[in-house]
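Fold and geometry: a report
Below, each chain spelled out in residue letters.
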Amino acid sequence: MTAENKHLKKNTHKRLIVVFSVLLAVVVVAVSAYFAVLKIGENKLRKKLNPDSAKLPAAGDESLPDDADAYYNGAAYNYNDKLVNILIIGVDRLQPGASKKHQADALFLVSLDSESKSVNVISISRNTIANVDSYDINGDYFATSKQQLCLAYTYGSDDKQSSELTVKAVSGFLYGVPISGYYTIFMNSLKDIVDSVGGVPVSISENMTAVNPAFKSGADITLTRSNVLPYLRYRGDSNAPRLERQKSFIKSFTAQAKKAVLKDLTLPIKMYNKLSSNTVTNVDATSAAYLASEALKAGFDFRGVEGVSGSDGTYETFIADETQLYELLLDVFYIKQ
């Protein structure tokens, strides 16, 4: 090899090292920026939390110790302040702002524990009787009374305030569990949601051929933009079967979403932006990215508030089983001392 060839080879090696170093630096900066965005999103959500509001009353004649947030069966508990809780609100209206006085037809509280890598999804019946703040036509508060939780949404002057009032009512029903964000979904967004994951497979548990001939009891179908609305909206004589369908939908969607995101890590932000015209939320894009990244690594558990369905003479009601609710809250939101 001549001296000239040796010099050319040496320069080539130098150029390759420089190019590799630049590419590595770009990757490091990109990864660092990604994790910085996630941290910003997490901090925004945590700033909205007030763990001091979470207090479970001691049962019976027991008194709550000064250093505890709950006391049950001889054991003291503290609220788990590592949690991030988001309320999913489904409104039976095609899009935001279309008309007033609609109700919150679906309520799901999503609780993320980033330390244990777990997500609890708690379904709450729209008909649950709880304390709800009422407002007059001028938007002035005038009373708090026992009403269906779904009615909290009707008192807002717009979808943002309606969502906030629903968050307040649900948090109060759950003995002050802090809720840092809400994501209110309208019907038009569901078409894009199911398309984003390639369809959502479900099993039909009741005869729903009145809304779709394919919805026969026992049939296995895939929900797409063409059939998702009648599946989720159909009510029949009671809200209970619809709540079970909503739970099945969310469970199946979660499994499909994990697969879809593994194929395209940018999917959550793409969908966040695409759905923005048919959703109302106080969770910004950085927080949504954080939630999606944590959910991808987490195991999901789907829970429900048990109770008894009934009627107030005009409308369907649901009375929560206080013992089951108490134990559910301890299990999900509290840590034994």
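Residues numbered from 1 in each chain as written. Predicted model: local features only at pLDDT ≥ 70, side-chain atom pairs only at ≥ 80, totals over all residues. Heavy atoms only, no water.

Before going further, it helps to examine the environment of Tyr272. Mapped onto the secondary structure, Tyr272 falls in helix 6 (residues 267–274). Spatially, the C-alpha atoms of Tyr272 and Val283 are 9.9 Å apart, while their sequence positions differ by 11 residues. Tyr272 has contacts with Thr281, Val283, Asp284, Ala285 and Ala288, leaving out every residue within four places of it along the chain. (Helix = DSSP H or I, 4+ residues; strand = E, 2+ residues; numbered from the N terminus. Contact = heavy atoms within 4.5 Å.)

Counted under the stated rule, the structure contains 1 cavity of 30 Å³ or more. Approximately 1,300 Å³ is the volume found for the largest cavity. What lines the largest cavity is a set of 45 residues, among which Ile88, Tyr183, Ile185, Ile193 and Phe253 lie closest to the centre. Counting residues per element, the lining of the largest cavity draws most heavily on helix 5 (residues 239–263), which supplies 9 residues. Along the lines of polarity and charge, the residues of the lining of the largest cavity split into 35 nonpolar, 5 polar and 5 charged. (1 Å grid on protein atoms, 1.4 Å probe; cavity = no way out; pocket = protein on both sides within 12 Å on 5 of 7 lines; lining within 4 Å. Points joined across faces, edges and corners; volume = space filled by probe spheres on them. Nonpolar A, V, L, I, M, F, W, Y, C, P; charged D, E, K, R; others polar.)

One non-glycine residue, Asn73, lies in positive phi territory at about 50°. With respect to the secondary-structure elements, Asn73 resides in the loop between strand 1 (70–72) and strand 2 (75–79). Accessibility expressed as a relative area gives 65% for Asn73, which makes it exposed. Not every positive phi belongs to a glycine, and Tyr175 is a case in point at roughly 55°. Mapped onto the elements of the fold, Tyr175 is located in the loop between helix 2 (159–173) and strand 8 (181–186). Of the residues examined, Tyr175 reaches a relative accessible area of 27% and is grouped as partly exposed. (Buried < 20%, exposed > 50% of the residue type's maximum accessible area, 1.4 Å probe, protein only.)

Backbone-to-backbone hydrogen bonds pair the strands of a sheet. The strands run either parallel or antiparallel. Strand order across the open sheet formed by 3 strands is 1-2-15, with antiparallel pairing between neighbours. Strands with a single pairing partner mark the edges of an open sheet, and in this sheet they are strand 1 and strand 15 (334–336). For this sheet the average axis-to-axis angle between neighbouring strands, irrespective of direction, equals 35°. Where strand 2 meets strand 15, 3 bridges bridge the pair, whose relative direction is antiparallel. Bridge assignment links Tyr79 to a residue of strand 15, and that residue is Tyr334. (Pairing = 2+ DSSP bridges. Axes fitted to C-alpha atoms, helices over the stretch in contact; angles between N-to-C directions.)

We now examine the packing of helix 6 against helix 7 (residues 285–297). As a packed pair, helix 6 and helix 7 sit with axes 9 Å apart at the nearest point and diverge in direction by 140°. Judged on the interaxial angle alone, helix 7 and helix 6 are oblique. Relative to helix 7, helix 6 is oriented so that their crossing is right-handed. Residues Pro268, Ile269 and Tyr272 of helix 6 pack against Ala285, Ala288, Ala289 and Ala292 of helix 7. Residues of the contact of helix 6 with helix 7, tallied by class, amount to 7 nonpolar, no polar and no charged. (Parallel < 35°, antiparallel > 145°, perpendicular 65-115°, else oblique. Left-handed = near helix turned anticlockwise from the far one by under 90°.)

With that out of the way, let us pick up the confidence of the model for the protein. With 85% of its residues at a pLDDT of 70 or more, the protein has an overall mean of 84. Across residues 23–37 the pLDDT falls below 50, and counting only partners more than four positions away or on other chains, this stretch makes 2 contacts in the model. (pLDDT = per-residue confidence, 0-100.)

The next subject is helix 2. For helix 2, spanning 15 residues, the distance from its first C-alpha to its last is 21 Å, which sits close to the expected 21 Å at 1.5 Å a residue. Every buried residue belonging to helix 2 is among Asp159, Ser162, Ser163, Leu165, Thr166, Val167, Ala169, Val170, Ser171 and Phe173, and all of these are buried. A distance of 3.2 Å separates the backbone nitrogen of Lys160 from a side-chain oxygen at the start of helix 2, and that oxygen is part of Asp158. Of the residues trailing helix 2, Tyr175 is marked for its positive phi of about 55°. (Expected span 1.5 Å × (residues − 1). Polar contact = N/O pair within 3.5 Å; in protein donor to acceptor, adjacent residues only side chain to side chain.)

Okay, the side chain of Ser114 next. For Ser114, the location among the structural elements is in the loop between strand 4 (104–113) and strand 5 (118–124). Leaving out residues up to four positions away in the same chain, Ser114 has contacts with Arg46, Lys82, Tyr290 and Glu294.

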